[in-house]
Amino acid sequence: MEMIELTEELIRTAEERSKGQPYPHFAKNLKAIGVDNYEIRVRDHARTYTAKNGDKLHIPGDYPEFECAEAFELEEVKKAIKRSQDGEIDYQTFLREIGAAGIHTYVADLMGMTIIYQGPNSEYEYEESIPEV
């Protein structure tokens, strides 16, 4: 496997290639550049990408910060995910809605093709599969 150093430019390129397409295309483009997983901090959109070789890239938050709820509301999490998947809301609104439902972080495991939404502590989680494209 070719060793690729993760850079913000590389991540932006994957984002650009995925523009206007459903999320699974972004996941596929990240996998193609060697990303194993990434974690999003919901309150400000800070991202940490981890490459297959263990390399990490942290990108500071670029959205206005807000407080995530401490109460985990699974049905509200599912509603926000569905609204995002259906194109009813933009990504920033999606983060605010899952934050209001008690999600503090989420991890996209691109090798296992799952997203794990995490509440204020480890006993509150919700997992969804990422469809292959």
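The notes below deal with the structure included here. Numbering of residues begins from 1 in every chain and follows the order in which that chain's sequence is written. For this predicted model, a pLDDT threshold of at least 70 governs which residues receive local features, and a threshold of 80 or more governs which side-chain atom pairs are given and counted, while totals over whole chains, interfaces and linings are taken from all residues. Based on all heavy atoms of the structure, the side-chain values leave hydrogens and waters out of the count.

A look at the overall build of the protein
Note the cut-off: In this text, helices come from DSSP runs of H or I with a minimum length of four residues, and strands from runs of E with a minimum of two, each type numbered from the N-terminal end. Our radius of gyration is a C-alpha quantity, and the globule rule it is checked against amounts to 2.2 Å times the number of residues to the power 0.38.
Regarding its fold elements, the protein presents four helices and six strands. Scanning the protein from its N terminus toward the C terminus, one meets helices and strands in the order α-α-β-β-β-α-α-β-β-β. Against the compact-globule benchmark of 14 Å for 133 residues, the protein has a radius of gyration of 14 Å, which places it among compact chains. With respect to the principal axes defined by its C-alpha atoms, the protein has extents near 45 × 25 × 25 Å.

Examining the sheet that holds strand S6 (residues 125–129)
Using the following cut-off: One requirement defines pairing of two strands: DSSP has to find at least two bridges between them. Fitted lines through C-alpha atoms serve as axes, helices being fitted only where they are in contact, and the angles separating the N-to-C directions of these axes extend from 0 to 180 degrees. The contact rule is simple, with two residues in contact once any of their heavy atoms fall within 4.5 Å.
If you trace the six strands from one edge of the open sheet to the other, you get S3-S2-S1-S4-S5-S6, paired in antiparallel fashion. Two strands lie at the open edges of the sheet, namely strand S3 (56–59) and S6, each paired on one side alone. Each neighbouring strand pair of the sheet contributes to a mean axis angle of 15°, computed without reference to strand direction. As defined by bridge partners, strand S5 (residues 114–118) adjoins S6 across five bridges and the pair is classed as antiparallel. By the bridge assignment, Ile 115 is partnered in S6 with Glu 128. Across the sheet, helix H1 (residues 8–18) lies against strand S1 (35–41), strand S2 (46–51) and S3, angled at about 75° from S3, the strand it touches most.

What about H1?
Where we set the bar: The rule is simple: take the accessible area with a 1.4 Å probe, protein chains only, and divide by the maximum for that residue type; under 20% is buried, over 50% is exposed, in between is partly exposed. When we speak of the arc, we mean the arc of directions from the helix axis to the C-beta atoms.
Buried within H1 are the following residues: Ile 11, Ala 14 and Ser 18. Projected down its long axis, H1 shows its buried positions confined to an angular sector of 60°, all on one face. For H1, the exposed residues lying more than 90 degrees away from the buried face are Glu 9, Glu 16 and Arg 17. Close packing links the buried residues of H1 with helix H2 (23–32), S1, S2 and S3. A positive backbone phi angle near 80° is found at Gly 20, which sits one or two residues after H1.

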